[in-house]
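Examining the three-dimensional arrangement
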Amino acid sequence: MTAELFPEQLERVTGYTFRDKSLLLRALTRLAYSKEQGLSEDSHLDALATLGDAVIELIILTRLVKGGEHDKGAVSLKKMDLVNMSVLRDAARSIHLEQYVRWGKGEARMHVWTSGRVLAECMEAFAGALYLDGGIDAAEEVLERLSLLPE
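Cut-offs and rules
- Residues numbered from 1 in each chain as written.
- Predicted model: local features only at pLDDT ≥ 70, side-chain atom pairs only at ≥ 80, totals over all residues.
- Heavy atoms only, no water.
- Helix = DSSP H or I, 4+ residues; strand = E, 2+ residues; numbered from the N terminus.
- Rg over C-alpha atoms; globule rule 2.2 N^0.38 Å.
- Core = buried A, V, L, I, M, F, W, Y, C linked by side-chain atoms within 4.5 Å.
- Buried < 20%, exposed > 50% of the residue type's maximum accessible area, 1.4 Å probe, protein only.
- Salt bridge = Lys/Arg side-chain N within 4 Å of Asp/Glu carboxyl O.

Below, the discussion takes up the overall build of the protein chain. Per the secondary structure count, the protein chain includes 8 helices and 0 strands. If you list the helices and strands of the protein chain from N to C, you get α-α-α-α-α-α-α-α. Its C-alpha atoms give the protein chain a radius of gyration of 15 Å, within 12% of the compact-globule value 15 Å for 151 residues. Projected onto its principal axes, the C-alpha coordinates of the protein chain cover approximately 50 × 30 × 25 Å.

Printed below as a string of structure tokens:
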């Protein structure tokens, strides 16, 4: 499964059109693919995944606090229930994210996207790219459409 679908199709599926298409492409590029293709060091999703993890947590924590949660322990527990590897993986699967990702040859051979952590990381990278391209509101709107956020 090596980027069978075009990134523009992912934009249609998620309802968000990137102004900076290079951010979307970066969010869909695994480190292994980047190295195999001799791409620049900043062409893969790793940093975007770290950013996206923080963006998703910020959005969820903001909603919890605005929703009336005030106890630190309760907020932490609800956050862990709402944003975890399984939830992120399921959201990624719901949009068939694995079909848009540029996988390294070995990753494609081993179908690494079946691992929850790998696909969750791709979802985080997508969230990071959304944030960089359109800000927190854009990220929140798409995550809402993907049912990743509490009401």
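Following the structure, the description resumes.
By size, the foremost hydrophobic cluster in this structure holds 45 residues, and its most contacted members are Leu-10, Phe-18, Leu-97, Trp-103, Met-123, Phe-126 and Leu-143. Broken down by element, the residue count for this core peaks at 14 residues, all from helix α8 (residues 116–145).

Moving on, we get to the pattern of salt bridges. Considering all chains together, one arrives at 10 salt bridges under this definition. Between Arg-30 and Glu-121 there is a salt bridge; the shortest N-O distance is 2.7 Å. Of this pair, Arg-30 sits in the loop between α2 (21–27) and α3 (31–36) while Glu-121 sits in helix α8; the two residues are 91 residues apart in sequence, bridging distant segments of the chain. Residue classification places Glu-121 among the partly exposed residues on the basis of a relative accessible area of 22%. A salt bridge links Arg-117 to Glu-124; the shortest N-O distance between them is 2.9 Å. Given the relative accessible area of 38%, Arg-117 is considered partly exposed. Sharing partners across several salt bridges, the network here consists of Arg-30, Glu-107 and Glu-121.

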